[in-house]
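Close look at the chain arrangement
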Amino acid sequence: MKDNPSRPFYLVPYYLWIALFVIAPITLIFYFSFLDLTGAFTLENYQNFFSSVYLRMTLSSFWYAFLITLITILIAYPTAYWLTKTKHKQLWLLLIIIPSWINLLLKAYAFIGIFGLYGPANKLLQTLGAGPWQILFTDFSFIFVSVYIFIPFMVLPIFNSLDKINPALIDASRDLGASSFTTFRRVIFPLAINGVKSGVQAVFIPALSLFVITRLIAGNKVITLGTAIEQQFLVTQNWGMGSTIAMFLILFMIIIMMLTGQKEKGGSYNGKTK
Amino acid sequence: MAKLSKPAKIYLALVFAILYAPIFYLIFYSFNSGGTMSSFEGFTLEHYAAVFNDTRLLIILMNTVIVALLSSLISTAIGVLGAIGIVFLRNRKTRNAVLSLNTILIVSPDVIIGASFLILFTMIGVKLGFASVLISHIAFSIPIVVIMVLPKLQEMSHSLIDAATDLGASKRDILTRVIIPYIKPGIFAGFFLALTYSLDDFAVTFFVTGNGFSTLSIEIYSMARAGITLTINALSALIFAVTLGLVLGYYFFTQRAGQSPGTGGAKV
């Protein structure tokens, strides 16, 4: 595209969008994180963030996100692996993805019924001889529902990277005498690690920031970073503190993306670096 | 390729069952004449009737559809022009910088988008309600459209444009007769994706909607917080059908566009 005249006028609305809705909002969050309730400049929010209350909240949010991500990988990896071996794999993959398009609220709502005191989960427990338990509003239900919601987001990238592996490599490994386990550990797993990384990106950050699941399923038992931000902005109306937590969430997000970042991105949109 | 072993098949069946059970559970109880989601008493369509007789709910539904259609149309227009502009950017550094800025809203968690937009609208004095919701939806859909259109533009051979120029086409002709027809599948895919994102969004809308204006997901959230109402079940059955239609439509267009379908991002 060398000799083509650049056409900046195409870009005017787009650049306006970048200025107004990408740069301005981040700047505003940054600015507000230094304001107290009266709107005066302060560093108190940052001090508060390092107090025990917020640190504990951050740690527990990370712990939950870690557990959720780990369990999701454990469930999604075999799913993706076996899916690549089915006959109509693209169709099966589509079927895995469809539930991820159903509104999150509806899925969470379904679990209010399923985990309810008289719901199917408790009925099952009762036929097994265990009494009705309070399942809803516990951290178990929070983790279960989160894992349920994130499975498709983990299966898809792992499937894609497993599917890209040249079968000749696996045959070669077998021919050279490797057992299936060795083949998996030394050939398949390293080749598909980028899929796991993208999956972690797609699961860990939302697990830190979603507030719908905590509100509907976990009651007030679990407070994630997202829940805290929502609380500060919409309930307490302390935008300064909310912005400070948001700044840290952005920071964690950047760190996670750098840790799971890949030299050669799988996304089709990142091309053009020849 | 090796055939699947029995445990593998059972495992996959189990995963599918777990993924779909809650959805069918919801739909199943939407036909329950008892008022609960635990004991099925008899078949009824009264909850569907309740949905269609509830004027407030219908107005909210209309709001949701209007916001979704308008925001995806406008964001598609801005996004397509933006993508064309990006491809023609000569300086590679600028191009990469613009592309990175483009991805920010896609990777940002919804709470942050919502909270920062709330500050923005309050600062510049946009009244919270229809306008703020519509603008937010346009804002978070634009980068998605750009990403859906870019690959198509990049694969387009430049000689097509050269040929058109040689044959005397004006810039406008090149845009409307050469570029746009070529990237059409990408445009449709972007539009569909923007539409589903808008219909699906809860968190961003939750932040920027005022008291007077409500979309379907906001309404479902407040109903769900109050407890179980089978009207939600009837609604979810209807939404499931619509979603399925949209997803299939989206796949149809991306298949034609020759792109591997995305996850729909982490827009959960």
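Residues numbered from 1 in each chain as written. Chains lettered and ligands numbered in written order. Predicted model: local features only at pLDDT ≥ 70, side-chain atom pairs only at ≥ 80, totals over all residues.

1. Quick look at the overall build of chain A
So the rule is basically this: Numbering of helices and strands runs from the N terminus, with a helix taken as a DSSP run of H or I at least four residues long and a strand as a DSSP run of E at least two residues long. Note on contacts: residues are paired as contacts if their backbone-placed C-beta atoms lie within 7 Å.
Summing up its helical and strand segments, chain A has 13 helices and zero strands in all. Reading the helices (α) and strands (β) of chain A from amino to carboxyl end gives α-α-α-α-α-α-α-α-α-α-α-α-α. Each of the three principal axes of chain A carries a C-alpha extent, and together these read 75 × 70 × 30 Å. Of the contacts formed within chain A by residues at least 6 apart in sequence, a portion of 70% connects residues at least 24 apart.

2. Quick look at the overall build of chain B
Quick note on the threshold: Whether a residue is buried, exposed or partly exposed follows from its count of other C-beta atoms within 10 Å of its own C-beta, namely 20 or more, 12 or fewer, or something in between, respectively; the C-beta atoms are built from the backbone.
A count of helices and strands for chain B gives eleven helices and zero strands. Listed by position from the N terminus, the elements making up chain B come as α-α-α-α-α-α-α-α-α-α-α. Sorting the 268 residues of chain B into buried and exposed places 44% on the buried side. Residue pairs at least 24 apart in sequence account for 78% of intrachain contacts in chain B once pairs closer than 6 positions are excluded.

3. Regarding the packing of helix H4 (residues 89-101) of chain A against helix H7 (residues 139-164) of chain A
Helix-helix packing is characterised by the crossing angle of the two axes and by the distance between the axes. Residue and element names in this part refer to chain A. The test is simple: Note on geometry: axes are lines fitted to C-alpha atoms, helical ones only across the stretch in contact, with angles between N-to-C directions running from 0 to 180 degrees. In a left-handed crossing the near helix is turned counterclockwise from the far helix by less than a right angle, and in a right-handed crossing that turn is clockwise. Residues are grouped as follows: nonpolar covers Ala, Val, Leu, Ile, Met, Phe, Trp, Tyr, Cys and Pro; charged covers Asp, Glu, Lys and Arg; every other residue, Gly included, is treated as polar.
Packing of H4 against H7 leaves a shortest axis separation of 9 Å and a crossing angle of 145°. At the point where H4 passes H7, the crossing takes the left-handed sense. For the pair H4 and H7, the contacting residues are Leu-93, Ile-96, Ile-97, Pro-99 and Ser-100 in the first and Pro-152, Phe-153, Val-155, Leu-156 and Phe-159 in the second. Considering only residue class, the contact of H4 with H7 consists of nine nonpolar, one polar and no charged.

4. Let's talk about the confidence of the model for chain A
The predicted coordinates of low-pLDDT regions are not to be read in fine detail. All names here are of chain A. For the record, the criterion: Confidence of the predictor in every single residue is expressed as pLDDT, which spans 0 to 100.
When pLDDT is averaged along chain A, the result is 88; 93% of the residues meet or exceed 70. Mean pLDDT across the elements of chain A ranges from a minimum in helix H6 (residues 120-127), with 87, to a maximum in helix H3 (residues 52-83), with 95. Under a pLDDT of 50 for its full length, residues 1-6 has, in the predicted model, seven contacts with residues more than four places off or in other chains. Predicted confidence for residues 264-274 stays below pLDDT 50, and this span has 13 contacts to residues more than four positions away or in other chains.

5. Details of the nonpolar core
Applied cut-off: As used here, a nonpolar core is made of buried Ala, Val, Leu, Ile, Met, Phe, Trp, Tyr and Cys residues. They are joined through C-beta atoms within 7 Å.
Ranked by size, the top nonpolar core spans 148 residues in total, and within it Leu105(A), Ala108(A), Ile158(A), Val212(A) and Ala115(B) carry the most contacts. When residues of this core are assigned to their parent elements, the largest contribution, 15 residues, is made by H7(A). Among residues more than four places away in sequence, those in contact with Ala108(A) are Val145(A), Val212(A), Ile213(A), Leu216(A) and Ile217(A).

6. Some details on helix H13 (residues 239-259) of chain A
For an α-helix, 3.6 residues make a turn, and residues three or four places apart therefore share a direction. Our working rule: Expected helix span is taken as 1.5 Å per residue step, with the number of steps being one fewer than the number of residues.
For H13(A), which comprises 21 residues, the first-to-last C-alpha distance of 30 Å matches the rise-based estimate of 30 Å (1.5 Å per residue) to within 8%. Inspection of H13(A) places Trp239(A), Gly240(A), Met241(A), Gly242(A), Ser243(A), Thr244(A), Ile245(A), Ala246(A), Met247(A), Leu249(A) and Met253(A) among the buried residues, and these make up the whole buried set.

7. A closer look at unusual backbone geometry
Residue and element names in this part refer to chain A. At Phe-137, a residue that is not glycine, the phi angle is positive and equals roughly 65°. By secondary structure assignment, the location of Phe-137 is in the loop between H6 and H7. The phi angle at Gln-237 is positive, at roughly 60°, despite the residue not being glycine. Among the structural elements, Gln-237 can be located in the loop between helix H12 (225-235) and H13.

8. Points about the environment of Tyr46(A)
Among the structural elements, Tyr46(A) can be located in helix H2 (residues 44-49). Between the C-alpha atoms of Tyr46(A) and Met57(A), which are eleven residues apart in sequence, the distance is 15 Å.

9. Digging into the confidence of the model for chain B
All names here are of chain B. With 93% of its residues at a pLDDT of 70 or more, chain B shows a mean pLDDT of 88. In the predicted structure, residues 260-268 sits below a pLDDT of 50 and forms 19 contacts with residues beyond four places in sequence or in another chain. With a pTM of 0.88, the predicted complex shows an ipTM of 0.87.

10. Regarding the environment of Tyr182(B)
Mapped onto the secondary structure, Tyr182(B) falls in helix H8 (residues 171-200). Along the backbone, Tyr182(B) and Asp54(B) are 128 residues apart, and their C-alpha atoms lie at a distance of 45 Å.

11. Notes on the packing of H13(A) against helix H5 (residues 110-124) of chain B
Operational definition: The scheme is simple: roughly parallel for angles under 35 degrees, roughly antiparallel for over 145, roughly perpendicular for 65 to 115, oblique for anything else.
Between H13(A) and H5(B), whose axes approach to 11 Å, the crossing angle comes to 140°. Taken as axis vectors, H13(A) and H5(B) run oblique relative to one another. Seen from above, H13(A) lies across H5(B) with left-handed handedness. Listed contacts from H5(B) to Trp239(A), Gly242(A), Ala246(A), Leu249(A) and Ile250(A) of H13(A) are Ile112(B), Ala115(B) and Ile119(B). Its residues assigned to classes, the contact of H13(A) with H5(B) shows seven nonpolar, one polar and no charged.

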